[in-house]
Amino acid sequence: MKLIDGKVLAANLRAEIAEKTAALKSQKGVVPTLAVVLVGEDPASVSYVTAKERACIEAGMNSKEIRLPADTPEDELVDLVSSLNADESVDGILVQLPLPKGINAKRVVDAISPAKDVDGFTPENAGRMLIGEECFLPCTPHGVIKLIEFSGMELSGKHVVVIGRSNIVGKPLAVLLSRKETNATVTLCHTGTKDIAAFTRIADVVVVATGCPGTLTGDMLKEGAVVIDVGVNRVADPTAAKGYRLKGDADFDSCARVASAITPVPGGVGPLTITMLLWNTLESATRKAT
């Protein structure tokens, strides 16, 4: 069984991103700039934003961090997004989700210019992705594709089962996998699927993204399948220093006994999400410079 190390792949891609960023700066005088908006003090969100800022700096990019109180009015947040849209020094805009109660996240995200939507969340980018036009690809699904390729699996003609139909991971991933350049056959399973195991047992690759530990177990896999675990769940563990440990949506031990390759949690998909955010920010700056 091969462990698909997301940290190694992310480091390789970030080195490539840093090299291209330096070239863009020296040749065009353009430094990619990511604006990150954080509303409130949600601990997980603060941690994510800090990691994104650090990643930007390491890649040679500028990070423009804007922190607002949790009681910021929705209209004020939309106005801020509009001002960032108009700011020529900003190449990418990311509004950290979830937003505090009382703020319509869809209205805020939809206010982001598609040209600066480096998360790939706006309806225009989602639509362009669906019909195969140039767009910013959503970061986690794009990272999953990179991980599968990194595992050595040739996706063309393979059967991939995606468990979970969220707008952030499951649905866009199913679209990306089925596009001609990837050319996989995709089955999308969800809470309405009567017998998920009937599909996973005939899959070459299983991607699980449900937010529920233990969704996928080894007896649900065919021998030699590749498993990509997107889930990151905090599970109480009094023996751990923080009182909890991180666990994926797949039961790692049982799946590892059957799979030919599997991602760990943590250290699998997670590092790729921020990496692909940097990828999109660089792409946005490069478009501006040409």
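The model shown is predicted, which means the values in this text are computed figures rather than measured ones.

Colleague: Before we move on, could you go through helix α3 (residues 74-86) and cite the residues and values that matter?
Modeller: Over its 13 residues, α3 extends 19 Å from the first C-alpha to the last, a length consistent with the 18 Å expected when each residue adds 1.5 Å. Those residues of α3 that sit buried are E74, L77, V78, L80, V81 and L84. For α3, the angular spread of buried residues about the axis comes to 155 degrees, placing them on one side. Seen from the open side of α3, the exposed residues pointing more than 90 degrees away from its buried face are D79 and A86.

Colleague: Which residues make up the pattern of salt bridges, and what are the values?
Modeller: On inspection of all chains with the given rule, the structure shows 13 salt bridges. The shortest N-O distance in the salt bridge between R287 and E134 comes to 3.9 Å. Taken together, the residues span a long stretch of sequence, with R287 in helix α10 (residues 270-289) and E134 in the loop between α5 (123-131) and α6 (139-150) at a distance of 153 residues. Classification of E134 by relative accessible area gives exposed; the value is 60%. Each member of the salt-bridge network shares a partner with another, and the members are E74, D75 and R107.

Colleague: Which residues make up the sheet that holds strand β8 (residues 226-229), and what values go with them?
Modeller: Backbone-to-backbone hydrogen bonds pair the strands of a sheet. The strands run either parallel or antiparallel. Here we have six strands laid out as an open sheet, ordered β1-β11-β8-β7-β5-β6, and parallel in their pairing. Every other strand in the sheet has two partners, leaving β1 (2-3) and β6 (185-189) as the edge strands with one partner each. Across two bridges, the pairing between β8 and strand β11 (residues 261-262) is parallel. Bridge pairing in β11 links V227 to I262. Each of β5 (159-163), β6 and β7 (205-208) is contacted by helix α7 (residues 170-178), which is oriented at about 165 degrees to β6, the strand it contacts most.

Colleague: Pulling in residues and values, what's your account of the nonpolar core?
Modeller: Looking at soluble globular proteins, one finds that nonpolar side chains tend to be buried together. V144, I148, V160, L177, V205, V207 and I228 are the most contacted members of the largest nonpolar core, which has 52 residues in total. A per-element tally of this core places α10 first, with seven residues. Among residues more than four places away in sequence, those in contact with I148 are M153, L155, L177, V205, V207 and I228. Grouped together as the second largest cluster of nonpolar side chains are 18 residues, A197, L221, V227 and A250 included.

Colleague: I'd love a proper account of the side chain of T182, names of residues and values included.
Modeller: As for its position among the elements, T182 is in the loop between α7 and β6. When near neighbours in sequence (up to four residues on either side) are disregarded, T182 contacts I145, L155, S156, L176 and L177.

Each value, and the rule that gives it
- Residues numbered from 1 in each chain as written.
- Predicted model: local features only at pLDDT ≥ 70, side-chain atom pairs only at ≥ 80, totals over all residues.
- Heavy atoms only, no water.
- Helix = DSSP H or I, 4+ residues; strand = E, 2+ residues; numbered from the N terminus.
- Expected span 1.5 Å × (residues − 1).
- Buried < 20%, exposed > 50% of the residue type's maximum accessible area, 1.4 Å probe, protein only.
- Arc of directions from axis to C-beta.
- Salt bridge = Lys/Arg side-chain N within 4 Å of Asp/Glu carboxyl O.
- Pairing = 2+ DSSP bridges.
- Contact = heavy atoms within 4.5 Å.
- Axes fitted to C-alpha atoms, helices over the stretch in contact; angles between N-to-C directions.
- Core = buried A, V, L, I, M, F, W, Y, C linked by side-chain atoms within 4.5 Å.

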